[in-house]
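Now for the letters of each chain:
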Amino acid sequence: MRNTEIDHGKVFDWGRASADYAKYRDIYPQEFYQKILDLGLCQAGQKVLDLGTGTGVLPRNLYQYGADFTGIDISENQIGQAKKLAEEGGMNIQFQCVPAEKAGFPDGAFDVVTACQCFFYFKHEELSPLIHRILKESGTFVILYMAWLPFEDEVAGKSEELVLKYNPKWTGCRERRHPIEIPEIYEEYFTIGEQTMFDVSVPFTRESWNGRIRACRGIGASLTPEETERFDQEHRDLLNRIVPPEFEVLHYAAMAVLHKK
């Protein structure tokens, strides 16, 4: 994938990071999911489409609450991992490899559409009317995001510096708390509802944090295997010096709820 507004146009491919993504990116705390559930969404009796599902993290973690989930993603490798993990968990989740903007679902097929950690990748002029079409009347579009805070958390800051050493074009850095930005085109099709932000401290081991960083766009999805291996060793050495075997990393989470007009 290439997007001139992301990583200064440097090509990235989430499929290259799928194995690490499946193992290390399932890190959202229960509080993150509870925000969705508290709105009465993604529960029994509802059909839910998860855009940019990756390895199916969102549908797999919400599956126990009874919604009928479908997940789509542009990466065949990510969808392959999603199917494998769902099958291992005994979960009946439908996964398809298709770009969000090309999803060919019938009108009014879903009660809820979710987009977790992927909203800024989409072509919004194409996606906004499509989501409006496939949502039922009074349907809901939920956008979610979570990121570490490098200026407040030393471990996150040091790890981020190392990512930038290996990939200076990476733009997924230097995060501060901010609401999810909703392009104006969505106001033609949706009423902007609840928007919220909250902090979460996410537990890690040295191994799981190293894997989480390696699975970020700036490393696993962008660098060559040789570059990734060199980063991996240097990052492990860094963590051995600066953190105990178990620790927490400060993140913030954001959510925006859009209601179909």
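Everything here concerns the structure above.
Residues numbered from 1 in each chain as written. Predicted model: local features only at pLDDT ≥ 70, side-chain atom pairs only at ≥ 80, totals over all residues. Heavy atoms only, no water.

Q: How should the environment of methionine 255 be read in this particular structure?
A: In this fold, methionine 255 is placed in strand S7 (residues 246-260). Residue methionine 255 is classed as buried on the basis of its relative accessible area, which comes to 3%. A sequence separation of 185 residues divides methionine 255 from threonine 70, and the C-alpha atoms of the two residues are 20 Å apart. In contact with methionine 255, other than residues within four places in its own chain, are Lys35, Ile36, Leu39, Val142, Ile143, Leu144, Ile180, Glu194, Gln195 and Thr196. (Helix = DSSP H or I, 4+ residues; strand = E, 2+ residues; numbered from the N terminus. Buried < 20%, exposed > 50% of the residue type's maximum accessible area, 1.4 Å probe, protein only. Contact = heavy atoms within 4.5 Å.)

Q: Any chance you could explain the sheet that holds strand S2 (residues 68-73) here in plain terms?
A: Within the open sheet, the seven strands sit side by side as S3-S2-S1-S4-S5-S7-S6. Their pairing is mixed. With partners counted over all chains shown, the strands left at the sheet margins are strand S3 (94-97) and strand S6 (190-205), one partner each. Strand-to-strand, the axes of this sheet are offset by a mean angle of 20 degrees, without reference to chain direction. In this sheet, strand S4 (residues 110-116) lies alongside strand S1 (residues 47-51) in parallel orientation, the contact comprising four bridges. Paired with valine 48 across the two strands is valine 112, which belongs to S4. Across the sheet, helix H2 (residues 30-37) is in contact with S4, strand S5 (135-148), S6 and S7; its angle to S6 comes to roughly 160 degrees. Sheet strands touched by helix H7 (residues 206-214): S5, S6 and S7. Its angle to S6, the strand with the most contacts, is close to 135 degrees. (Pairing = 2+ DSSP bridges. Axes fitted to C-alpha atoms, helices over the stretch in contact; angles between N-to-C directions.)

Q: Please explain the packing of aromatic side chains as it appears in this structure.
A: Aromatic ring pairs are defined here through the distance separating the ring centres and the angle between the ring planes. Taken as a whole, this structure holds 17 aromatic pairs when the rule is applied. An angle of 85 degrees between the planes, with centres 5.6 Å apart, marks the rings of tryptophan 14 and tyrosine 21 as edge-to-face. Both residues of the pair, tryptophan 14 and tyrosine 21, belong to the buried class. Between tyrosine 28 and phenylalanine 32, the aromatic rings sit 4.5 Å apart at their centres with planes inclined by 15 degrees, giving stacked as the arrangement. Looking at tyrosine 28, the relative accessible area reads 12%, which means it is buried. Within the aromatic cluster, the residues linked to one another by ring pairs are Phe12, Phe120, Tyr121, Tyr145 and Tyr252. The ring of phenylalanine 198 carries lysine 35 above its face, with NZ or CZ at 4.8 Å from the centroid. Here the guanidinium or amino end of arginine 176 rests over the ring plane of phenylalanine 151, the centre of that ring lying 4.1 Å away. (Phe/Tyr/Trp six-rings, centres within 6.5 Å; stacked < 30°, edge-to-face > 60°. Lys NZ or Arg CZ within 6 Å of the ring centre and 35° of its normal.)

Q: Sorry, what's going on with the pairing of S2 here?
A: Each regular strand shows side chains that alternate between the opposite faces of the sheet. Counting buried positions over the six residues of S2 gives five, a clear majority of the element. In the sheet, S1 pairs with S2 via four bridges, with the strands oriented parallel. Along S2, the bridge assignment pairs lysine 47 with aspartate 68. In this view, the connection linking S1 to its parallel neighbour S2 by way of helix H3 (residues 57-62) has right-handed handedness. For S2 and S3, the ladder comprises four bridges, and the chain directions are parallel. Across the sheet, the residue bridging to glycine 71 is phenylalanine 95, located in S3. Handedness of the crossover joining S2 and S3 through helix H4 (residues 76-88) is recorded here as right-handed. (Right-handed = clockwise from strand over helix to strand, strands pointing away.)

Q: Teacher, can you tell me more about helix H6 (residues 154-166) here?
A: In an α-helix, one full turn covers 3.6 residues, which means residues spaced three or four apart are oriented alike. Between its first and last C-alpha atoms H6 spans 19 Å; for 13 residues at 1.5 Å apiece the expected length is 18 Å, and the two agree. Residues of H6 that are buried include every one of Val155, Ala156, Gly157, Ser159, Glu160, Leu162, Val163, Leu164 and Tyr166, and no others. Taken together, the buried residues of H6 touch S5, H7, helix H8 (225-242) and S7. Capping the start of H6, aspartate 153 holds a side-chain oxygen 3.1 Å from the backbone nitrogen of valine 155, two or three residues further along. (Expected span 1.5 Å × (residues − 1). Polar contact = N/O pair within 3.5 Å; in protein donor to acceptor, adjacent residues only side chain to side chain.)

Q: I would appreciate a short explanation of the nonpolar core in the present structure.
A: Generally speaking, nonpolar side chains in soluble globular proteins are found buried as a group. Among the nonpolar cores identified, the biggest contains 50 residues, and Phe32 and Trp209 are the most heavily contacted of them. The greatest single-element share of this core, amounting to six residues, is contributed by H6. For phenylalanine 32, the residues in contact, after removing those within four places along its chain, are Leu58, Cys116, Leu144, Tyr145, Met146, Phe198 and Ala253. In this structure, Trp14, Ile131, Leu135 and Ile180 belong to the second largest nonpolar core, which totals 40 residues. (Core = buried A, V, L, I, M, F, W, Y, C linked by side-chain atoms within 4.5 Å.)

Q: Is there a simple way to explain the pattern of salt bridges in this structure?
A: Where charged atoms of side chains with opposite charge meet at close range, the side chains can pair. By the definition in use, this model includes 15 salt bridges. For glutamate 88, the salt bridge goes to lysine 84, with nearest N and O atoms at 2.8 Å. Here the residue glutamate 88 and the residue lysine 84 both occupy positions in helix H4, the gap between them amounting to four residues, near one helical turn. A residue is classified by how much of its surface remains accessible, and lysine 84, at 44% relative accessible area, is partly exposed. Arginine 236 is paired through a salt bridge with glutamate 207; the nearest N and O atoms lie 2.8 Å apart. Residue arginine 236 is found in helix H8, and its partner glutamate 207 is found in helix H7; the two are separated by 29 residues along the sequence. A relative accessible area of 27% places arginine 236 in the partly exposed class. (Salt bridge = Lys/Arg side-chain N within 4 Å of Asp/Glu carboxyl O.)

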